[in-house]
Amino acid sequence: MPPKRPAHYLWAVLIARIYEVFPLLCPKCAGQMRLIAFITEGTQVRRILDHIGVKSEPPHIPPAHGPPLWGDGGGAQMSDEARIETDWDQAAQPAPDFEVDQRISW
């Protein structure tokens, strides 16, 4: 069997960058895990999730709403007291004290 190219495990590196957990290490013993199957058939995935006690139905997502109507178009009106000029210079962030290196060295 030819050795696997690093691109085969690129998804694992991306997950590690986001969640700071390497997905191919066992959370109990820290041993290396290996993939044995990819289950893509919906009925099989539902059966497995139901068996382990995880909801197999996605949550209900309500429809999106438009932005609020401000100004002449109606909706909520702001009083003159509530209108405050924003000083955007105060929102500027200082430069970091260190250089951020986002490369992963696994």
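For the structure itself, consult the block above.
The following paragraphs examine the structure supplied in this document. Model, not experiment: these values are computed from the prediction.

Conventions and cut-offs
Residues numbered from 1 in each chain as written. Predicted model: local features only at pLDDT ≥ 70, side-chain atom pairs only at ≥ 80, totals over all residues. Heavy atoms only, no water. Helix = DSSP H or I, 4+ residues; strand = E, 2+ residues; numbered from the N terminus. Contact = heavy atoms within 4.5 Å. Areas by Shrake-Rupley, 256 points an atom, 1.4 Å probe, with all protein chains shown as cover. Patch = residues over 30% accessible without salt bridge, like charges linked within 9 Å, V, L, I, M, F, W, Y side chains within 5 Å. Salt bridge = Lys/Arg side-chain N within 4 Å of Asp/Glu carboxyl O. Buried < 20%, exposed > 50% of the residue type's maximum accessible area, 1.4 Å probe, protein only. Disulfide = S-S within 2.5 Å.

### Quick look at the overall build of the protein
Link 1 in the chain: For the protein, the count of helices and strands is 2 helices and 0 strands.
Link 2 in the chain: Look at the contacts in the protein between residues 6 or more apart in sequence, and 18% of them connect residues 24 or more apart.
Link 3 in the chain: Just so you have it, the protein exposes about 10,900 Å², and 59% of that area is on carbon and sulfur atoms.

### Focus on a nonpolar patch on the surface
Link 1 in the chain: The grouping of W11, I15, I18, Y19, V21, L35 and F38 at the surface amounts to a nonpolar patch, some 770 Å² of accessible area in total.
Link 2 in the chain: Examined against the element boundaries, L35 turns out to sit in the loop between α1 (10-19) and α2 (42-52).

### Let's talk about the pattern of salt bridges
Link 1 in the chain: Tallied over the full model, the rule gives 1 salt bridge.
Link 2 in the chain: The salt bridge partner of E57 is R46, with a shortest N-O separation of 4.0 Å. Of this pair, E57 sits in the segment after α2 while R46 sits in helix α2, placing them 11 residues apart in sequence.
Link 3 in the chain: When its relative accessible area of 56% is taken as the criterion, E57 is described as exposed.

### Examining unusual backbone geometry
Where the residue is not glycine, phi is negative for most of them; where a peptide bond is considered, it is trans in most cases.
Link 1 in the chain: Here the phi dihedral of E20 falls at roughly 60 degrees; this positive angle occurs in a residue that is not glycine.
Link 2 in the chain: Given the relative accessible area of 72%, E20 is considered exposed.

### With respect to the state of the cysteines
Link 1 in the chain: Under the counting rule described, the total for this entry stands at 0 disulfides.
Link 2 in the chain: C26 carries a free sulfur, and the closest cysteine sulfur to it, the one in C29, is 3.7 Å from it.

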